[in-house]
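Coordinate inspection notes
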Amino acid sequence: MASRLLMRRVCSLSVRDFCRRPVTVSSSSSYSSSLTSSPAVQAFVTRSLLRPLFHTRSVSFNVQDQEDFTDRVVNSELPVLVDFHAQWCGPCKILGPRLEKAIAKQKGRVNMAKVDIDEHTDLAIEYGVSAVPTVIAMRGGDVIDQFVGIKDEDQLDSFAKRVSE
Amino acid sequence: MPPVENDPGREQIRSRIKELIDSSQVLVFSKSYCPFCVKVKELFKELNVKCNALELDLMENGTYYQDLLHEMTGQKTVPNVFINKKHIGGCDNTLKAHKDGVLQQLLGEGSEVYDYDLIVIGGGSGGLASSKEAAILGQKVMVLDYVAPTPKGTTWGLGGTCVNVGCIPKKLMHQTAMLGTAMQDARKFGWEFSEQVTHNWDTMKTAVNNYIGSLNWGYRVSLRDKNVNYVNSYAEFVEPHKIKATNKRGKEMFYTASKFILATGERPRYLGIPGDKEYCITSDDLFSLAYCPGKTLVIGASYVALECGGFLAGLGLDVTIMVRSILLRGFDQDMANRAGDHMETHGVKFIRKFVPVKIEELEAGTPGRLKVTAKSTESDEIIEGEYNTVLIAVGRDACTGNIGLDKAGVQVNPKNGKIPVNDEEQTNVPHIYAIGDILEGKWELTPVAIQAGKLLARRLFGGSSLKCDYVNVPTTVFTPMEYGSCGYAEEKAVEIYGQENLEVYHSLFWPLEFTVAGRDNNRCYAKIICNKLDNERVIGFHYLGPNAGEVTQGFGAAMKCGITKDQLENTIGIHPTCAEIFTTMEVTKNSGGDITQSGC
Ligand SMILES: Cc1cc2nc3c(=O)[nH]c(=O)nc-3n(C[C@H](O)[C@H](O)[C@H](O)COP(=O)(O)OP(=O)(O)OC[C@H]3O[C@@H](n4cnc5c(N)ncnc54)[C@H](O)[C@@H]3O)c2cc1C
């Protein structure tokens, strides 16, 4: 019993310590193999291929599912700020637009992903989100910084700047 | 006799017995005609355990077996039961071991290893409390929670009835209504604001549901932090130690556990008349209704009916409550009627002694228009009425019908679906326990489910022996005039102790806050029931007035300590409050003395 307890504590610690999460191998290969079959998939692939061109225009995107998260956040070449938010959370509604503004100022050096914690509970649980808004900064699949709660524009600017460097 | 010892035939049988003992999970030396043997074999059948039975009376050398068993175990009679090589004894010993749960342990040893120490079915008040407590005590725990959508398609998040469609939204909407009353009072206290005051349903609904969203998330996080494995799936037994979990997408998983706690709660009952599920809503829909319900008919006289009818009226809606017989069955009727009368004087209409027979849609919409046809319970009179919304609140049914309890052998009261348990919340199947609203004859209250769940986990896994005390549970009905109580209803006390052995003290009172506002004089009422045979100990406490929950809680603690009328009198009141009335009650009901307040 004791050993199991310990094991679990270590596991949960590692999650909360934001270790690099295991990357699912499936994503890119499965997309390319089914390229011809479905127009939706094709559109997706095209879009993701073109995405770098859009950097300056659309700085944020909504995470669709685990796979999307792996693809566009964990495997992203650019650093990504992940905004864990909820519909029911008032402060999130203030932080979101402010964060987008701060990201826009970085002129494509950092992306922003939005995760609705009620739609993607597993992701939020996995990344140790306890309260919203929680913003984590990821680079090369590692969590490099994070904060919880609301911040003013200056603070967000310097956060985004730090992450993009 | 030594020669017998050396009898090769006898030695052969001895090693045969040993072999059987070593190779069988359950071994019963039996006689085909023996009723005790039958009983034991049936028990194992019920437990779904394969039992190897040797009918000695049908075997040629059966008597030798019996002799040798006597020599080996000291037991002469059958049945002679072995489990996993251990000698258990006869019928009585086996049944006792089953009752104590020892049998299950012995059966578990050397055979199966379960996925979990504990699986809790239902993540409501009781289920969350027990699963978290068990995990804190080092157990490997899974909790499954799944909300089946209402006929209208409403569903909600983690946490069960209280958080999503019970206590929390109910109290917040009651508060909304009370703010309306406060605004009316405010003018009398000199506040001046525009005559036109309106209420926005959508704003209230969104704010309440946002708060609930945050609670749902909080529960999810605390399960993670306590290492409880949460699964959002519908659970049902397929074997006594195994459940099937089906998620939203229909994917099935199977899990086993050494012990189970059932905490599946209840859902609103429908009427079983044409149109009820198609057109009516229940409390499960009301709190997140996308539109203001408009002119509403509430069917039922449960506390849910009166509370919902009460706050809807408080929002300024036209509310009618249709009642078959009495208000608040099970509560003190004197109090229940006073709470009802107060509602009536504040614009809630009551249709008494009528039951609906059909609901028809006149016009779809949000809200639409419905026609309700109802029949008198006393005559052939039929009435019809038109409403925007019909809310059914005629009681709740335990969610025990579709969870495979037959597969686990758990007994259910067939009349109401409730689960009988002993004073340790144990069902007839020793490794399966039940808590909360599904229990037979227990309180249906959140704090009761939580307390029972916590204490159960501590007894099962923490070496505690403390049981949940279901006596003197304080509670409050949040009608527009709130009603708090603890202990016996007057009629129940009379039934148990006899009128002559009781002294009932009572008083009307006028809250100071109402005086300047000039409302509700001689509406608030306090009553205590004392047992004359026991030092005038307070065995019933009843309060109809503002902040009833806050007032009743402390008196509940006092009653747990056994407070008497004398001690109440020796308590100094806090002035000016409503609760102080209990320290100065002099008029007894027997005396017939005047209890009305005559103002200043
Ligand atoms: C309108 C209303 C107002 C109330 N107000 C109060 C109040 O003011 N104060 C108070 O103390 N109590 C109040 N109650 C009562 C209180 O809500 C209940 O007593 C309490 O929620 C019971 O807890 P429980 O754990 O037994 O069940 P619940 O809280 O009902 O939880 C059971 C959970 O199990 C889930 N479930 C059921 N079957 C399965 C299955 N097979 N697999 C997986 N999950 C399943 C259900 O979806 C639910 O989430 C109110 C109830 C209502 C309806």
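Here the structure is a predicted model, which means the values were calculated and not measured. (Residues numbered from 1 in each chain as written. Chains lettered and ligands numbered in written order. Predicted model: local features only at pLDDT ≥ 70, side-chain atom pairs only at ≥ 80, totals over all residues. Heavy atoms only, no water.)

Another aspect to go through is the UniProt feature "domain: Pyridine nucleotide-disulphide oxidoreductase dimerisation" (unreviewed entry) in chain B. Feature annotation in UniProt assigns "domain: Pyridine nucleotide-disulphide oxidoreductase dimerisation" (unreviewed entry) to the following positions: residues 473–585 of chain B. Between the first and last C-alpha atoms of residues 473–585 of chain B the distance is 23 Å; the span itself is 28% helix and 28% strand. (UniProt positions renumbered as here; feature names shortened; annotations may be inferred. Helix = DSSP H or I, 4+ residues; strand = E, 2+ residues; numbered from the N terminus.)

Residue and element names in this part refer to chain B. With antiparallel pairing, the three strands of this open sheet are ordered in space as β16-β17-β18. Single-partner strands in this sheet number two, and they are β16 (354–363) and β18 (382–387). For this sheet, the mean angle separating the axes of adjacent strands, direction not counted, is 20 degrees. (Pairing = 2+ DSSP bridges. Axes fitted to C-alpha atoms, helices over the stretch in contact; angles between N-to-C directions.)

We now examine the state of the cysteines. Two cysteines form a disulfide when their sulfur atoms are joined by a covalent bond. A full pass over the atoms with the stated rule returns two disulfides over all chains. Across the disulfide, A:Cys89 is cross-linked to A:Cys92 (sulfur-sulfur distance 2.2 Å). Between A:Cys89 and A:Cys92 the disulfide shows an S-S torsion of about 90 degrees. By sign, it is right-handed. Like A:Cys89, the residue A:Cys92 is buried in the burial classification. One disulfide in the model links B:Cys162 with B:Cys167; its S-S distance is 2.2 Å. Here the S-S torsion is close to -130 degrees, and the disulfide linking B:Cys162 with B:Cys167 is therefore left-handed. (Disulfide = S-S within 2.5 Å. Buried < 20%, exposed > 50% of the residue type's maximum accessible area, 1.4 Å probe, protein only.)

This model, assessed by the stated rule, comprises 15 aromatic pairs over all chains. Taken together, the aromatic side chains of B:Phe509, B:Phe541, B:Tyr543, B:Phe555 and B:Phe582 make up a single cluster linked through ring pairs. A cation over an aromatic ring shows up here: A:Arg72 above the ring of A:Phe61, its NZ or CZ 4.1 Å from the ring centre. Positioned above the aromatic ring of B:Tyr505, the side-chain terminus of B:Lys565 is 4.4 Å from the ring centre. (Phe/Tyr/Trp six-rings, centres within 6.5 Å; stacked < 30°, edge-to-face > 60°. Lys NZ or Arg CZ within 6 Å of the ring centre and 35° of its normal.)

What follows deals with the UniProt feature "domain: FAD/NAD(P)-binding" (unreviewed entry) in chain B. Mapped onto this numbering, the UniProt entry gives "domain: FAD/NAD(P)-binding" (unreviewed entry) at residues 116–453 of chain B. Measuring from the first to the last C-alpha atom of residues 116–453 of chain B gives 18 Å, for a span that is 33% helix and 27% strand.

This part covers the domain arrangement of chain B. Residues and elements named next belong to chain B. Domain annotation of chain B identifies domain 1 (9–108), domain 2 (116–268 + 397–461), domain 3 (276–394) and domain 4 (482–583). Placing the centre of domain 2 and that of domain 4 at their C-alpha centroids yields a distance of 32 Å. Residue-level contacts link seven residues of domain 2 with six residues of domain 4. For the domain 2 and domain 4 pair, buried surface summed over both sides reaches about 530 Å², with 49% attributable to carbon and sulfur atoms. Taken as a group, Asp185, Lys188 and Phe189 account for 65% of the area that domain 2 buries against domain 4, more than any other trio of residues on that side. Viewed at the interface, domain 4 and domain 2 are joined by one salt bridge. Between arginine 519 and aspartate 185 there is a salt bridge, with the nearest N and O atoms lying 2.7 Å from each other. (Domains from an automatic or database assignment. Contact = heavy atoms within 4.5 Å. Buried area = accessible area lost by both parts, 1.4 Å probe. Salt bridge = Lys/Arg side-chain N within 4 Å of Asp/Glu carboxyl O.)

What follows covers helix α7 (residues 153–164) of chain A. All names here are of chain A. Under the 1.5 Å per step criterion, the end-to-end length of α7 is 16 Å for 12 residues, consistent within 8% with the ideal 16 Å. Those residues of α7 that sit buried are Leu156, Phe159, Ala160, Val163 and Ser164. Mapping the buried residues of α7 onto a view down its axis gives an arc of 125 degrees, with all of them on the same face. Where α7 is buried, its residues touch β2 (80–85), α5 (90–104), β4 (134–139) and β5 (142–148). For α7, the side-chain oxygen to backbone nitrogen distance between the N-cap and aspartate 154 is 3.3 Å, and the N-cap itself is aspartate 152. (Expected span 1.5 Å × (residues − 1). Arc of directions from axis to C-beta. Polar contact = N/O pair within 3.5 Å; in protein donor to acceptor, adjacent residues only side chain to side chain.)

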